[in-house]
Amino acid sequence: MPKVLCSVATRGRYFTTLPLVLNAIINQTTPPDKVVIFDDNDEPQDMRKEMIYQYFFQMLDIKKIAWEWLFAGKKGQHHIHQMANTMGYDWVWRCDDDAIPEPNVLGNLLGYTSLENIGAVGGSILTPPNLFDTNKSTGKIKDIDSEPNIQWNYIKKTKEVEHLHCSFLYRAGVHDYNLGLSRVAHREETLFTYGLYQKGYKILTVPHAITWHMKNPEGGIRSETKREMYEHDEQIFRNIVGHSDRTIVVLNCGLGDHIVFNSILGSIPNPMVFGCYPEVIPCRSIAEAQALFGDLDQWNIYKKMCQWNWKGSLADAFRKLYL
């Protein structure tokens, strides 16, 4: 059986929706192997002193579900999701701290992971009292401005899409969250699931997996009101989607690395190269890549080789990253 981590990022909701979410996770008919609550509060508290949380922790222990409460870095939920993404589990079920899953959600989502080449699976995300007309929603990134998200109503049949919203189950360790976004991390889940799609994985929306989004006006990303944060993140999103027909190559590395990469450049489909040595490979600047795409760690070849425990050649590592 695949190992599943349930990740909950929380901020400003200790005594509102977070207890509802934890109770729903504990009562899943198919429990996760571990639950990690990432506490991103500006002034974190010790919930072991609170009676309701004491009961939750005891319930987790009795059900033999491993759990951990970690204090996060106050950088935003995208940093939290990336931590969960690299904790060594096969799948991560990300649950927002105001999104309450019905008891069968994880079990039903997991049922699709045995299909070939699945990257992420999501069910309905219903926000009372709203139900949007999603009959014509395609789930394609090109239609994101002209249609409601397909998850905003009851999903009647399985459908392949290009991106997911809010809470879903995803294959861990194969794509990175964009850490260049602001603390509000606007569009982070869209960028992440679309990145999985671009790598050739299937993104599914499926029926019989309903999560109720109690869109709490306080806490979470709604703790931040600075418009420029949202504008900054939206621009990164537009830049990434606007270059989706290109293979983005970022060579923020040494002269020798550029020489090695040049040997495989011809096999990269439609490359757009950003680098440090234009005399070796025609390229645009690293500063421009940073401005366009935010975080560049997802293209850091040495970080990737460490993550993969790489034993092969540098050229083959480049092939794995870009092909």
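Residues numbered from 1 in each chain as written. Predicted model: local features only at pLDDT ≥ 70, side-chain atom pairs only at ≥ 80, totals over all residues. Heavy atoms only, no water.

## Some points on the packing of aromatic side chains
Under the defined criterion, the tally for this structure stands at 19 aromatic pairs. Here Tyr170 and Tyr177 contribute two aromatic rings whose centre-to-centre distance is 6.0 Å and whose plane-to-plane angle is 75°, an arrangement assigned as edge-to-face. Taking relative accessible area as the criterion, Tyr170 reaches 0% and is therefore assigned buried. Above the ring of Phe237, the side-chain terminus of Arg187 is found at 4.4 Å from the ring centroid. Here the basic side chain of Lys320 rests over the ring of Trp308, its NZ or CZ set 4.9 Å away from the ring centre. (Phe/Tyr/Trp six-rings, centres within 6.5 Å; stacked < 30°, edge-to-face > 60°. Buried < 20%, exposed > 50% of the residue type's maximum accessible area, 1.4 Å probe, protein only. Lys NZ or Arg CZ within 6 Å of the ring centre and 35° of its normal.)

## Description of the domain arrangement of the protein
Domains assigned within the protein are domain 1 (4–227) and domain 2 (245–322). Domain 1 and domain 2 are separated by 31 Å when their C-alpha centres are compared. Every contact between the two is made by 8 residues of domain 1 and, on the other side, 7 residues of domain 2. Summed over both sides, the interface between domain 1 and domain 2 buries roughly 580 Å², with carbon and sulfur atoms accounting for 35% of that surface. (Domains from an automatic or database assignment. Contact = heavy atoms within 4.5 Å. Buried area = accessible area lost by both parts, 1.4 Å probe.)

## Considerations on the sheet that holds strand S10 (residues 247–250)
Ordered in space as S10-S11-S12, the 3 strands form an open sheet in which the pairing is parallel. The open sheet has two edge strands with one neighbour each: S10 and strand S12 (284–285). By the bridge criterion, 2 bridges tie strand S11 (residues 271–275) to S12 in an arrangement that is parallel. Bridge assignment links Phe274 to a residue of S12, and that residue is Arg284. (Pairing = 2+ DSSP bridges. Helix = DSSP H or I, 4+ residues; strand = E, 2+ residues; numbered from the N terminus.)

## Description of the environment of His163
Among the secondary structure elements, His163 is positioned in the loop between strand S7 (159–161) and strand S8 (168–171). A residue is classified by how much of its surface remains accessible, and His163, at 7% relative accessible area, is buried. Distance in space between the C-alpha atoms of His163 and Asn252 is 28 Å, their sequence separation being 89 residues. Other than its neighbours up to four places away in sequence, His163 contacts Gly139, Lys140, Ile141, Ile144, Asn149, Thr190, Thr193, Tyr194 and Ile203.

## Some details on the packing of helix H1 (residues 18–26) against helix H2 (residues 51–62)
Running from N to C, H1 and H2 cross one another at 15°; their axes reach a closest spacing of 10 Å. Between H1 and H2, the angle is such that the two are roughly parallel. The hand of the H1/H2 crossing is left-handed. Note on element contacts: H2 touches H1 through Tyr53, Phe56, Met59 and Leu60, opposite Leu18, Pro19, Leu22, Asn23 and Ile26. (Axes fitted to C-alpha atoms, helices over the stretch in contact; angles between N-to-C directions. Parallel < 35°, antiparallel > 145°, perpendicular 65-115°, else oblique. Left-handed = near helix turned anticlockwise from the far one by under 90°.)

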